Amino acid sequence: MPRSTNPVLPGSNPDPSILRVGDDYYIATSTFEWYPGVRVHHSRDLVHWQTLGGILDEARLLDLAGCPDSGGVWAPSLSYADGLFHLVYSNISAYAGGFSDGPNYVVTAPAITGPWSEPVLLHARGFDASLFHDGEESWLVNLVHDWRPGYGGSAGLEATRYDRATHRLVGTPQRIQLPPKAGWIEGPNLYRRGDWYYLITADGGTSWEHQVTVARSRTLTGPYERDPNSPLLTAKHRPDWPLQKAGHGSLVETADGEWWLAYLVARPIGEHGPCVLGRETALAHVEWTADDWPVVPGGLPPLAGEATPPADDLDDFDADQLSPQWSTLRRLPDPSWLSLTERPSHLRIRGGRSPQSLVGPSLVARRVTEPKATFEADVDFRPTAFQQLAGVTAYYNTRNWHFLYLTADDHGDRVLRVATRDQGRLVVHPETVGVPGIEPVRLRLRFDDAELTCWYATTTEWLRIGPALDATVVSDEHVVEFDGDQIRSLGFTGAFAGLWVWDLTGHGHPADFDRSAYTVDV
């Protein structure tokens, strides 16, 4: 089987859960506060991947209103049994101050495209839940979160019997007997090979010390022994390596008996620098030793292989629904605020609430997938007040973004401006460009590693507006905030480039977008 160049899923596609059904491979990834929840990617060769869109695309399946930045859907688990796809996912509504509110649900479907069943609540005892099918039995495995001060946040791992007929847990949770000094481990995935149960876990946190670890036992609940050659994969001792933060892995066996590990990585700007692109999915080939331990040759995220050229993306909005590359923030793309039919060949977005709001934003965005890229769109917007804004954004979360926008000044004239929010501090940059008339304006953002520049065109000539901006404002590292020793805000999503409309009058004043283009600069 050919080797692919990593990452195979660039941009924000973390916590991969990989699955093979027949000749088809699927990877499900975390989506956090973005709809549709749980992105699914398909391949026949583990090299060329197609994004199918998200599974949780209905209100009955997922409610993200009010969820915190980097909350929402964490670490989904995709599995297959009895002719059904099983998806386990959590919806994190709070994680700050030592607490973690995250009910875990399961849905099933006869095909990856659905229809998906009504969600069944499993429990909210901890996150990173995964299903393990062991013959006629199935088990839910998860971290047990411990809120009590001084207990380190984790009470270890547990396994609970899952009844596939009723889609419910049965019996009492059983603690998994971990190796001595296992510490905080998360992202558990169980596998059986021969007489051994293998426990694949994420260790070392989610940053530079991240790693994939492995332990095994003759019984499902342990006691487990640690691999003497562990970790299975990490870059923590190689800060110069292009792929960092390697961890949170899951295994898949091919039809030919080969084994592969899907895991997340990040591409920092410089050694341990900011990661604008977020956490991405990579693959590594797994071999087995004579004494039945899995090994990734070299123990580092592999780089070389068969490269898939970075994909450009042009959307003229001629379809009747959004393409799989687009996501919407905290609310589904329903006709109350978004339409692809009211004005043919345009995306109409009605202005939403302020960027501080966790309810009712009007933002349609896509992942930034390469450090050098351009995002642009034609914007037809006729504001009547300074409270109405529409344009293009480099977005991370409610407290960190850049925004190139059209609005009205105090005289009612249409103007173009740039604003930045950096860890909650709002700056409207001083340069203002008048844009008379009612013609659409082309807006452009250009990502160049740590720099972001803004451009506009009313004819064919592109002109700069505003200063060179700090692109690392929309990086994972920059957005993390603490209140003393307690987490205030996490950074799990990476940067998005999007189409954003505000109407702070509450009347949903619309903007029409045409010809949105995302181009990778190589």
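## Notes on the side chain of His123
Phase 1 of the analysis: By secondary structure assignment, the location of His123 is in strand 9 (residues 120–123).
Phase 2 of the analysis: Judged by relative accessible area, His123 falls into the buried class, the value being 9%.
Phase 3 of the analysis: Polar contacts involving the side chain of His123 include one to the main-chain amide nitrogen of Arg125, which spans 3.0 Å.
Phase 4 of the analysis: Those residues in contact with His123 that lie beyond four places of it in its chain are Gly102, Pro103, Asn104, Leu140, Asn142, Glu158 and Leu169.

## Details of the sheet that holds strand 12 (residues 154–163)
Phase 1 of the analysis: Read across the open sheet, the four strands follow the order 10-11-12-13; overall the sheet is antiparallel. Lying at the two open borders of the sheet, with one neighbouring strand each, are strand 10 (130–134) and strand 13 (168–175). If you compare each strand with its neighbour and ignore which way they point, the axes differ by 30° on average.
Phase 2 of the analysis: Sheet topology places strand 12 next to strand 13; five bridges connect them, and they run antiparallel. By the bridge assignment, Ala159 is partnered in strand 13 with Gln174.

## Concerning the pattern of salt bridges
Phase 1 of the analysis: The full count for this structure, using the stated rule, is 33 salt bridges.
Phase 2 of the analysis: Between Glu370 and Arg267 there is a salt bridge, with its nearest N and O atoms 3.1 Å apart. Of this pair, Glu370 sits in the loop between strand 27 (363–367) and strand 28 (372–380) while Arg267 sits in the loop between strand 20 (259–266) and strand 21 (279–288), placing them 103 residues apart in sequence.
Phase 3 of the analysis: Residue classification places Glu370 among the buried positions, given a relative accessible area of 15%.
Phase 4 of the analysis: Taken together, the salt bridges that share partners define one network made up of Glu342, Arg343, Arg348, Arg350, Asp380, Arg382 and Asp512.

## Considering the packing of aromatic side chains
Phase 1 of the analysis: The final tally for this structure, using the stated rule, is 24 aromatic pairs.
Phase 2 of the analysis: Look at Trp74 and Phe492: their rings are 5.6 Å apart centre to centre, the planes differ by 75°, and that puts the pair in the edge-to-face class. Here Phe492 lies in the loop between strand 38 (486–489) and strand 39 (496–503) and Trp74 lies in strand 6 (residues 72–81), a separation of 418 residues in the sequence.
Phase 3 of the analysis: Under the relative-accessibility criterion, Phe492 is labelled buried at 12%.
Phase 4 of the analysis: Put simply, the rings of Trp34, Tyr395, Trp401, Phe403, Tyr405, Phe496, Trp500 and Trp502 touch in pairs and so form one group of aromatic residues.
Phase 5 of the analysis: Sitting over the face of the ring of Trp208, Lys245 holds its NZ or CZ atom 4.9 Å from the ring centroid.
Phase 6 of the analysis: Sitting above the plane of the Trp455 ring, Arg464 keeps its charged end 5.8 Å from the centroid.

## Focus: the environment of Glu186
Phase 1 of the analysis: Checked against the element boundaries, Glu186 lands in strand 14 (residues 185–193).
Phase 2 of the analysis: When the C-alpha atoms of Glu186 and Glu209 are compared, they prove to be 14 Å apart, with 23 residues separating the residues in sequence.
Phase 3 of the analysis: Excluding residues that lie within four positions of it along the chain, Glu186 makes contacts with Phe127, Asp128, Leu143, Thr201, Ala202, Gly205 and Thr206.
Phase 4 of the analysis: Engagement of the side chain of Glu186 in a polar contact is seen with the side chain of Trp184, the distance being 3.5 Å.

## Observations regarding the pairing of strand 7 (residues 84–92)
Phase 1 of the analysis: In terms of burial, strand 7 is largely enclosed, as eight of its nine residues are buried.
Phase 2 of the analysis: Where strand 6 meets strand 7, eight bridges bridge the pair, whose relative direction is antiparallel. Looking at the pairing, Ser79 lines up with His86 of strand 7.
Phase 3 of the analysis: Sheet analysis places strand 7 next to strand 8 (residues 104–109), joined by six bridges and oriented antiparallel.

What counts as what
- Residues numbered from 1 in each chain as written.
- Predicted model: local features only at pLDDT ≥ 70, side-chain atom pairs only at ≥ 80, totals over all residues.
- Heavy atoms only, no water.
- Helix = DSSP H or I, 4+ residues; strand = E, 2+ residues; numbered from the N terminus.
- Buried < 20%, exposed > 50% of the residue type's maximum accessible area, 1.4 Å probe, protein only.
- Polar contact = N/O pair within 3.5 Å; in protein donor to acceptor, adjacent residues only side chain to side chain.
- Contact = heavy atoms within 4.5 Å.
- Pairing = 2+ DSSP bridges.
- Axes fitted to C-alpha atoms, helices over the stretch in contact; angles between N-to-C directions.
- Salt bridge = Lys/Arg side-chain N within 4 Å of Asp/Glu carboxyl O.
- Phe/Tyr/Trp six-rings, centres within 6.5 Å; stacked < 30°, edge-to-face > 60°.
- Lys NZ or Arg CZ within 6 Å of the ring centre and 35° of its normal.

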